[in-house]
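A look at the structure
For reference, the chains in residue letters:
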Amino acid sequence: MSGELLPEDSPSVKTRLEKIIPSYYRTPVIRGLIFDLDGTLVDSLPGIAAALNHSLEDLGLPTHSGEAVAGYIGDGIETLVKRALGSDQSEHRAKVVAGFQEYYSRDWQKGTFPYPGLMEFLEEISQKEIPMAVLSNKPHLYTVEIVEKLFPTHLFRPIRGHQAEFPKKPDPTTALQIVAAWGLKPEEVAYVGDSTVDLATAQAGKLIPLIFSWGYGTPDDFPLLDSVADLKQAIFS
């Protein structure tokens, strides 16, 4: 991930966003930020790929490159495993899921790292008393454990992973519950993510979509943020 600003002759982030985002997103005043986790706050691909491939190897099944696994991420463990197995090996799904959970619970810290530059940015946002939350399709227990171990505990309230009683993203229900709890309007809150799922979540809830270019499942034909500096410009300029 680059921490560089765009070249001076490049259009500003605001200009690039306004070319494609509907009018209710233009020149917004951002009063809250909801973040995706995998591919947005943390590079978790090494840990996810290792746990998935260990589980597949245990059953004598073909493993996958990190690049391939990146394309499977974003919709939870069941979908990750379903994509990795394909239709020909679907009878192994339950065992692969169980194996993944065993390996990932034990070893995720060996392959999960905050992206450079984000920690300083998050502290700056916190000092401005702008509320921040995490909303992920990763299971809730993993989401909470990862965020609480890798980031200062005061940064995010709430931290939400997927729970059976709530729909997964791109359904915006949980995001809108967070917005309402903050006493804000959807158009005052940005959803910061890295994937087509995150973009669809923001659009469904009429949140402001801010999408990084360095994650997993990056959308086409949408203006992306290439650095933390881009994110700061989108929020504060």
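Residues numbered from 1 in each chain as written. Predicted model: local features only at pLDDT ≥ 70, side-chain atom pairs only at ≥ 80, totals over all residues. Heavy atoms only, no water.

**Considerations on the pattern of salt bridges**
Pairing is possible between side chains that carry opposite charge, provided their charged atoms lie close to one another. Inspection of the entire model under this criterion finds nine salt bridges. Residues Lys-232 and Glu-124 are paired through a salt bridge, measuring 3.2 Å at the closest nitrogen-oxygen approach. Of this pair, Lys-232 sits in helix α10 (residues 228-236) while Glu-124 sits in helix α6 (residues 118-127); the two residues are 108 residues apart in sequence, bridging distant segments of the chain. On the basis of relative accessible area, Lys-232 is assigned to the partly exposed category, the value being 31%. Connected through salt bridges with shared partners, the residues Asp-36, Lys-169 and Asp-198 form a single ionic network. (Salt bridge = Lys/Arg side-chain N within 4 Å of Asp/Glu carboxyl O. Helix = DSSP H or I, 4+ residues; strand = E, 2+ residues; numbered from the N terminus. Buried < 20%, exposed > 50% of the residue type's maximum accessible area, 1.4 Å probe, protein only.)

**Quick look at the packing of aromatic side chains**
Across all of its chains, the model carries six aromatic pairs by this definition. For the ring pair Tyr-115 and Trp-214, a centre distance of 5.6 Å and an interplane angle of 50° mean the geometry is tilted. Note that Tyr-115 is positioned in the loop between β3 (113-114) and α6 and Trp-214 in the loop between β7 (208-211) and α10, a separation of 99 residues in sequence. Its relative accessible area of 14% is what places Trp-214 among the buried residues. An aromatic cluster of three or more residues is present, and its members are Phe-35, Phe-151 and Phe-156. The lysine or arginine in question, Lys-128, covers the ring of Phe-236, its NZ or CZ lying 5.2 Å from the ring centre. (Phe/Tyr/Trp six-rings, centres within 6.5 Å; stacked < 30°, edge-to-face > 60°. Lys NZ or Arg CZ within 6 Å of the ring centre and 35° of its normal.)

**Quick word on the sheet that holds strand β1 (residues 32-35)**
Spatially, β5-β4-β1-β6-β7 is the arrangement adopted by the five strands of the open sheet, whose pairing is parallel. The strands lining the two open edges of the sheet, one partner per strand, are β5 (159-162) and β7. In this sheet, adjacent strand axes meet at a mean angle of 20° when their direction is disregarded. The sheet contact formed by strand β6 (residues 189-193) and β7 spans four bridges and is parallel. When the sheet's bridge partners are listed, Val-192 is paired in β7 with Leu-210. Where α10 meets the sheet, it contacts β1, β6 and β7, and its direction lies at approximately 165° from that of β7. (Pairing = 2+ DSSP bridges. Axes fitted to C-alpha atoms, helices over the stretch in contact; angles between N-to-C directions. Contact = heavy atoms within 4.5 Å.)

**Section: the confidence of the model for the protein**
Segments scoring low in pLDDT should not have their predicted coordinates read at a detailed level. Put simply, the protein has an average pLDDT of 90, and 88% of its residues get 70 or more. Contacts of residues 1-9 to residues separated by more than four positions or lying in other chains number 15 contacts, the stretch itself having pLDDT below 50. (pLDDT = per-residue confidence, 0-100.)

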